Every structure is written in structure tokens, then in C-alpha cells.
Amino acid sequence: MTPLPYGRQLIEEDDIAAVVAALRSDFLAHGPRVGAFEQAFAAAVGAREAVACSSASTALLLALQGLDVGPGDLCVVPAVTFLSTATAPLLCGARVAFSDVDADSGLMTPASLAAAVAGRSVKAVLPVHLGGRIADMAGVSLVARAAGAAVVEDAAHAVGGVDGFGAAVGACAVSDAACYSFHPVKTLAAGEGGMITLNDPARAARMRRLRNHGVAHDPALLTLAESLEPDGSRKPWVYEQLELGFNYRMDEMSAALGLSQLGKLGRFSARRAALSALYDQALGPLAPLVRPAAPGEGRPTLHLYQVLIDFDAAGVRREGVMRRMAAAGITVQVHYIPLYRQPTFIARHGEQRLPGAEAFYARALALPLFPAMADGDVQRVVEALGEALGVRP
Ligand SMILES: Cc1ncc(COP(=O)(O)O)c(C=O)c1O
């Protein structure tokens, strides 16, 4: 029985050739492929700038640093997300407040954000396009702007999505930046890798510096007289650290793979959409015990096919269902434990519960979704789920 993970990369011969070409080239790091990937990615999402880095986690960190998020600032993050969305502001020295999410989509909404920002001065809001479902960016941005906050989209799951305005996620029509992940379970794989898109070239240049220790080589940016020759040119060995940064760079092999995979985004998105449509249909007989998570805005490319399961009504526990599915060779996963349940956040905020996040978390399960799945795999997953729940589809 072929194992079915919840997500998996699809690597083809041309992807391998692209990485081998990088390996045979003069540059394994600091080469031309990172810039080429950035340009192609910016063009693909309709953003002016794209800044490649080592992961979405570092993308979030760089985006916030580039927006001057620092000690004393408050950032608002939806409670249902991966750790990085909240860890990045904390690593900048900022504080985090959690907003609730819609119980059926798991997404931050304008209303849940409004409740979280009420009466507070907020530096940044980080909506998450959970599973690839797209948050109401027009509404969320309106609330965020009214609170004086920047907007950084956590688009780690959302490459290939088209938002409610008809623009690709990442075009940043109403946000300051969007952050992507190229981890192998995501829609595009680069090994490890991330990207920030934005429309402000000066800020993008600063993020490129921050990903490289905050270092500048451009004579126009150097501040010390000893760095320059009398004619104003830079002394050949000189660089200046203008602000604290670190190594968040992407290497050339990851950029080669990311660039090659980007060329397949249309095909991968179409396959994910086709598989999602098959799930929608196949799950019909399991309703109302099982139903797809509520859609967001626009046209998503789903990274996760998340369902909501009424485990109580089925008389089963989620752990039992997961174990029974695993015994059938199928890995399903929970995205995510609300962050306020993590020890790091309990230590900061004490015990917290938000009703929408709890209702989503109690029912959420991600079923396998990746482009190499066969149509028949969908039926296999749905039958195994039905059996694990004690109902026959
Ligand atoms: C919503 C979300 N944001 C950020 C990240 C971080 O991505 P990366 O693994 O590329 O650091 C993830 C990873 O799964 C994620 O799910």
C-alpha cells in the first residue's frame, strides 16, 4: 500500500538538472540564481520586489525588522497558525496579542481582528492564509490601518492563490509585505527557503541587507570616512555593518530548485484544485459529520485540504482516527494547536482560550493533498476516514 503523507514535494528530472547545474557552477552561495528566482517570483505574483531568504520563518523576521518592529511594539497574530507567525515578532523584541479566527475557516476576520486591536496601539498585524484559504485582506487591512498597524501577510501556505481583488496573493495591494515558504510539504519546494514580496524598493534593499548581517558595500551607504578612497570609491576589502542582521540567505541550489518549481506553479495549482474538487465530492456522503473547512476569499491554491470533523457526534477521538488512518498508510495532520496553548505563550500570557480558535482546533484535520496523488487516492482516503469514524461513505 503506497503511503500517503499529508503533503509531499513533486521533484521532476528538470528540477534535478537545475540543481545539478547550480552545483556545477562557480557559485553555491551569493550567485546569480537567487536574484533570478527573486525576479521571477516578483513577476509571478505581480509585486515590485521579492527578497529570497532561508525560510518563511526568516522571511517573517526580516519583514518585521524591515518595518522597524522592535521592543515595546505590539503585533497581532491569529491564534491558529504555525509558531513562526508569533515567534518572529517576539524575536524582534515585540509583544504578541492573539486574535480569534473564524470557527469554520480558521482565518482571521475583520471582526476578530477588530476585537483584538480594540483600544491598543498596534505596530503590525499578521493575517495567515491558513491552508491556502485567503483571508479577507480588504477588511483586515482596513481594521489594521485604522489601528495604525502595518500588515504582513503570512502567505506560507498560499503561493498560487488569487485574492478577492483578482490579484495574486503577494501583490501586496493592501499589505506591506507577504511571506512565503518553500518547505517540501508546501506547493513549491526549494528544500528550505522563503520569500518576501513587497512594493517598496528601498525597504526591499534594507531586507536584503538584513538577511546578510546588515552589511552594506555600496559607497553611497557607507558612513565611515576610512571606508572610502579620496575619489569616493570603496576600499576593496571594506564593508560596514549598518544595523544588526544575521545570515538569513538562500543558497544557489535552493534558488535553482525554487526557480524550476515556480515554472510549474500553474500545473501544480490546477492539480491541487482538481484533487480538492474530488475531495469535495467524495466527502458528500460523510456530511454532516465531516465537511470541508469554509473557504476564504478569491481563488485559493490549497496547500492543505482541511476538513472539520464532529468527533463527538461520531463518538470517536481524533487520536484514534489518526492512528487508524496511519495503520491504513495515510498520514493526516492537525494545523494548528492554537498558539496560546504552547508553553512559551502560557508563560507569557497565562491560560487563554478564544472560542473560534478552539472550535476550529477541535475539529480540524488535514487530509493528504499533493500533486503526485492519483485521483483514486482521494477515494482511498475518504473510505479510510469513513471507516476510522465508523461510518461507511
Ligand atoms: C503558516 C506558516 N507560517 C510560517 C511557516 C514557516 O515556514 P518555514 O518552515 O519555511 O520556516 C510555516 C511552516 O509550516 C507555516 O505553516
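Residues numbered from 1 in each chain as written. Predicted model: local features only at pLDDT ≥ 70, side-chain atom pairs only at ≥ 80, totals over all residues.

(A) Highlighting the overall build of the chain. In terms of regular secondary structure, the chain is built from 14 helices and 12 strands. Taking 21 Å as the expected radius of gyration for a compact globule of 393 residues, we find that the chain reaches 22 Å, a close match to that expectation. Summarising its shape, the C-alpha atoms of the chain cover approximately 80 × 55 × 35 Å along the three principal directions. Here the chain, with 393 residues, has 51% of them falling under the buried criterion. Partitioning the contacts of the chain with sequence separation of at least 6, the portion at a separation of at least 24 is 75%. (Helix = DSSP H or I, 4+ residues; strand = E, 2+ residues; numbered from the N terminus. Rg over C-alpha atoms; globule rule 2.2 N^0.38 Å. Buried ≥ 20, exposed ≤ 12 C-beta atoms within 10 Å, placed from the backbone. Contact = placed C-beta atoms within 7 Å.)

(B) Looking closely at the site of the ligand. Taken together, 14 residues form the shell around the ligand, and within it Ser55, Ala56, Ser57, Phe82 and Ser181 come nearest. Partitioned by chemical class, the residues of the shell around the ligand number four nonpolar, nine polar and one charged. (Near = placed C-beta within 6 Å. Nonpolar A, V, L, I, M, F, W, Y, C, P; charged D, E, K, R; others polar.)

(C) Here's a closer look at the nonpolar core. Grouped together as the largest cluster of nonpolar side chains are 127 residues, with contacts concentrated most on Ala63, Cys179 and Ile196. Two domains share this core, each providing at least three of its residues, namely domain 1 (13-262) and domain 2 (265-389). (Core = buried A, V, L, I, M, F, W, Y, C linked by C-beta atoms within 7 Å. Domains from an automatic or database assignment.)

(D) Representation of the pairing of strand S11 (residues 305-309) in the model. Most of S11 sits out of view: five of its five residues are buried. Burial along S11 is two-sided: Tyr305, Val307 and Ile309 facing one way and Gln306 and Leu308 facing the other are all buried. The sheet contact formed by strand S10 (residues 290-292) and S11 spans three bridges and is antiparallel. If you follow Val290 over to S11, its bridge partner there is Ile309. As paired elements, S11 and strand S12 (residues 364-367) share four bridges and run antiparallel to each other. (Pairing = 2+ DSSP bridges.)

(E) Geometry of the sheet that holds S11. Taken together, three strands build an open sheet; the order of strands is S10-S11-S12 and the sheet is antiparallel. One side of each edge strand has no neighbouring strand; the edge strands of this open sheet are S10 and S12. For this sheet, the mean angle separating the axes of adjacent strands, direction not counted, is 35°. (Axes fitted to C-alpha atoms, helices over the stretch in contact; angles between N-to-C directions.)

(F) Local environment of the packing of helix H9 (residues 265-282) against helix H14 (residues 375-389). Between H9 and H14, the least distance of the axes is 10 Å, while the angle of their chain directions is 35°. By crossing handedness, the relation of H9 to H14 is classed as right-handed. Packed against H9, whose contacting residues are Leu275, Leu278, Tyr279 and Ala282, the element H14 presents Asp375, Val378, Gln379 and Val382 at the interface. (Left-handed = near helix turned anticlockwise from the far one by under 90°.)

(G) How the structure looks around the domain arrangement of the chain. Once the domains are mapped, the chain shows domain 1 (13-262) and domain 2 (265-389). Placing the centre of domain 1 and that of domain 2 at their C-alpha centroids yields a distance of 27 Å. Each side of the interface is counted separately: domain 1 has 36 residues, and domain 2 has 32 residues. By residue class, the composition of the side of domain 1 that touches domain 2 is 17 nonpolar, 12 polar and seven charged.

(H) Quick peek at the sheet that holds strand S1 (residues 49-53). Here we have seven strands laid out as an open sheet, ordered S1-S7-S6-S5-S4-S2-S3, and mixed in their pairing. Lying at the two open borders of the sheet, with one neighbouring strand each, are S1 and strand S3 (95-99). Two elements, strand S2 (residues 74-78) and strand S4 (residues 124-125), share two bridges in a ladder whose sense is parallel. In the sheet register, Val76 faces S4, and the bridge partner there is Val125. Where helix H5 (residues 110-117) meets the sheet, it contacts S2, S3 and S4, and its direction lies at approximately 140° from that of S3.

(I) Spotlight on unusual backbone geometry. A cis amide bond links Ala287 to the next residue, Pro288, at an omega of 5°. Tracing the backbone through its elements, the reader meets Pro288 in the loop between H9 and S10. At the junction of His335 and Tyr336, the peptide bond is cis and its omega measures out at 0° in the coordinates. Mapped onto the elements, Tyr336 comes out in the loop between helix H11 (318-327) and helix H12 (343-349). If you check the backbone angles, Cys172 has positive phi at about 60° while not being a glycine. Mapping Cys172 onto the fold places it in the loop between strand S5 (150-154) and strand S6 (177-181). In this structure, His213 is a non-glycine residue whose phi angle is positive, near 65°. With respect to the helices, strands and loops of the structure, His213 is situated in the loop between helix H7 (201-210) and strand S8 (215-216).

(J) Focus on the environment of Pro89. Structurally, the position occupied by Pro89 is in helix H4 (residues 83-91). As a C-alpha pair, Pro89 and Val76 span 13 residues in sequence and 9.2 Å in three-dimensional space.

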